[in-house]
Amino acid sequence: TGKVGDPDGPYPTPYAAIFRAMAIFGTSGLSVLPKHCGAFMLVFFIAALVLNLARDLLPSRVARLIPIPMAMAIPFVLGAYIAVDMVLG
């Protein structure tokens, strides 16, 4: 009844803002991001590669202590409340 997307309505669509931001980023490029965001993305991309390589190349007794980068990224993609629920559950 015209309340789709309204945070207080019956259909709040919580991910609509995230998808809209991704669409703007995809069409406009890095210029729409904050000043040092591109550098942060590059640093964390390289860190994820290094962690994955370390997990693959080190012996299994050491590799099991290295965190999986994709598992560390879940709270940033889904929202912290889901990660907290997973830890508590």
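Calculation rules
- Residues numbered from 1 in each chain as written.
- Predicted model: local features only at pLDDT ≥ 70, side-chain atom pairs only at ≥ 80, totals over all residues.
- Heavy atoms only, no water.
- Helix = DSSP H or I, 4+ residues; strand = E, 2+ residues; numbered from the N terminus.
- Rg over C-alpha atoms; globule rule 2.2 N^0.38 Å.
- Patch = residues over 30% accessible without salt bridge, like charges linked within 9 Å, V, L, I, M, F, W, Y side chains within 5 Å.
- Areas by Shrake-Rupley, 256 points an atom, 1.4 Å probe, with all protein chains shown as cover.
- Salt bridge = Lys/Arg side-chain N within 4 Å of Asp/Glu carboxyl O.
- Phe/Tyr/Trp six-rings, centres within 6.5 Å; stacked < 30°, edge-to-face > 60°.
- Buried < 20%, exposed > 50% of the residue type's maximum accessible area, 1.4 Å probe, protein only.

## Overview of the overall build of the protein chain
Moving on, step 1. When its secondary structure is counted, the protein chain shows 5 helices and 0 strands.
Moving on, step 2. What you see in the protein chain, going N to C, is helices and strands ordered as α-α-α-α-α.
Moving on, step 3. Its C-alpha atoms give the protein chain a radius of gyration of 18 Å, more than 25% over the compact-globule value 12 Å for 89 residues.
Moving on, step 4. Seen along its three principal axes, the alpha-carbon backbone of the protein chain occupies a region of about 60 × 40 × 15 Å.

## Comments concerning a nonpolar patch on the surface
Moving on, step 1. Taken together, the side chains of Tyr15, Ile18, Phe19, Met22, Ile74, Phe76, Val77, Leu78, Tyr81 and Met86 define a hydrophobic patch exposed on the protein surface, amounting to about 1100 Å² of accessible area.
Moving on, step 2. For the nonpolar patch, the secondary structure elements donating two or more residues are helix H1 (16-28), helix H4 (69-78) and helix H5 (80-88).
Moving on, step 3. Here the nonpolar patch gets 4 residues from one element, more than from any other, and that element is H4.
Moving on, step 4. Mapped onto the secondary structure, Tyr81 falls in helix H5.

## Quick notes on the packing of aromatic side chains
Moving on, step 1. For the structure shown, the criterion picks out 1 aromatic pair.
Moving on, step 2. For the ring pair Phe40 and Phe44, a centre distance of 6.4 Å and an interplane angle of 25 degrees mean the geometry is stacked. Pair noted here: Phe40 and Phe44 are both in helix H2 (residues 37-57), with a separation of 4 residues, about one helical turn. A single burial state applies to Phe40 and to Phe44, both of which are exposed.

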